[in-house]
Amino acid sequence: MQTSAKEEKKFNRLITVVSIIIPIVVAILFGVKLPNVEPLSFLPPIYATINGITAVLLLVAVWAIKNGNEKLHQNLMTTNIALSLMFLVMYIGYHMTSDSTSYGGEGAIKYVYYFILITHIVLSIALIPLVLRTYAMAYLKKFEEHRALAKYTFPVWLYVAVTGVVVYLMISPYYAY
């Protein structure tokens, strides 16, 4: 087996493990409340902003690669992964120190909110292996496979980033400060 094939197999195993562990750990930590800790109620607007920045940087990254600027594209995509990790840490921190906020809207808008929220959550879970696999293909210099996967990864990631902001804006009037 070639070194590249071995590396890809190793990446695939790691991606599978990480893609399973992250949602499980987040679900477990979501139910844990840290006692005697000040609520981190200042975090939702920060992590919503991170989602917004991620959406913008995703668009700039696509522009960069379409204009042949591979280094800028690579730096932006690495930044987006770092921003996603920052979001995840803050999201977990908030939910471990604060009670969940119920959506207070009524009528049809409530169904719109829950549709956006549920699709955001489901696609954010599906996004983990997509991003990691797409990134791994670029790392392994398998650019055809990278491009093929990116055609799916990009719109899903953009949807998750944008709907993260939308969910925040829709629920923010109901936060208890």
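Structure first, text after, so check above.
None of the values given here were measured: they were computed from a predicted structure. (Residues numbered from 1 in each chain as written. Predicted model: local features only at pLDDT ≥ 70, side-chain atom pairs only at ≥ 80, totals over all residues. Heavy atoms only, no water.)

A. Quick look at the overall build of the chain. In terms of regular secondary structure, the chain is built from five helices and zero strands. Counting from the amino terminus, helix and strand elements in the chain follow one another as α-α-α-α-α. Taking the principal axes of the C-alpha coordinates as reference, the chain spans close to 55 × 35 × 25 Å. Of all 177 residues assigned to the chain, the portion counted as buried reaches 34%. (Helix = DSSP H or I, 4+ residues; strand = E, 2+ residues; numbered from the N terminus. Buried < 20%, exposed > 50% of the residue type's maximum accessible area, 1.4 Å probe, protein only.)

B. Inspection of the side chain of Thr163 at higher detail. With respect to the element layout, Thr163 can be found in helix H5 (residues 143-171). The exposure class of Thr163 is buried, given its relative accessible area of 6%. A distance of 2.9 Å separates the side chain of Thr163 from the side chain of His120, its partner in a polar contact. Other than its neighbours up to four places away in sequence, Thr163 contacts Ile116 and His120. (Polar contact = N/O pair within 3.5 Å; in protein donor to acceptor, adjacent residues only side chain to side chain. Contact = heavy atoms within 4.5 Å.)

C. Inspection of the environment of Ser98 at higher detail. The topology assignment puts Ser98 in the loop between helix H3 (70-97) and helix H4 (108-139). Separated by 17 residues in the primary sequence, Ser98 and Phe115 place their C-alpha atoms 24 Å from one another. With residues up to four places along the chain from it excluded, the contact list for Ser98 reads Lys33, Pro39, Leu40 and Ser41. In this structure the side chain of Ser98 is engaged in a polar contact, spanning 3.5 Å, whose partner is the side chain of Thr97.

D. Representation of the nonpolar core. Judged by nonpolar contacts, the single largest core of 30 residues is most densely connected at Tyr47, Tyr113, Leu127, Trp157 and Tyr175. For this core, the secondary structure elements donating two or more residues are helix H2 (43-66), H3, H4 and H5. Ranked by the residues each element gives to this core, the list is headed by H5, at nine residues. In this view, Trp157 contacts Thr54, Leu58, Met77, Asn80, Ile81, Ser84, Leu127 and Val131; residues no more than four positions away in its chain are not counted. (Core = buried A, V, L, I, M, F, W, Y, C linked by side-chain atoms within 4.5 Å.)

E. Up close: the packing of aromatic side chains. Applying the stated criterion to the full structure yields ten aromatic pairs. Ring plane angle 90° and centroid distance 5.2 Å describe the contact between Tyr47 and Phe87, whose orientation is recorded as edge-to-face. One end of the pair, Tyr47, is in helix H2; the other, Phe87, is in helix H3, with 40 residues separating them in the sequence. Relative accessible area serves as the criterion here: at 7%, Tyr47 is assigned to the buried category. One aromatic cluster in this structure is built from Phe30, Tyr47, Phe87, Tyr91 and Tyr94. (Phe/Tyr/Trp six-rings, centres within 6.5 Å; stacked < 30°, edge-to-face > 60°.)

F. Representation of the environment of Ala5. Turning to its location among the elements, Ala5 is positioned in helix H1 (residues 3-30). Residue Ala5 is classed as partly exposed on the basis of its relative accessible area, which comes to 29%. When the C-alpha positions of Ala5 and Val165 are compared, they lie 39 Å apart, and in sequence the two are 160 residues distant.

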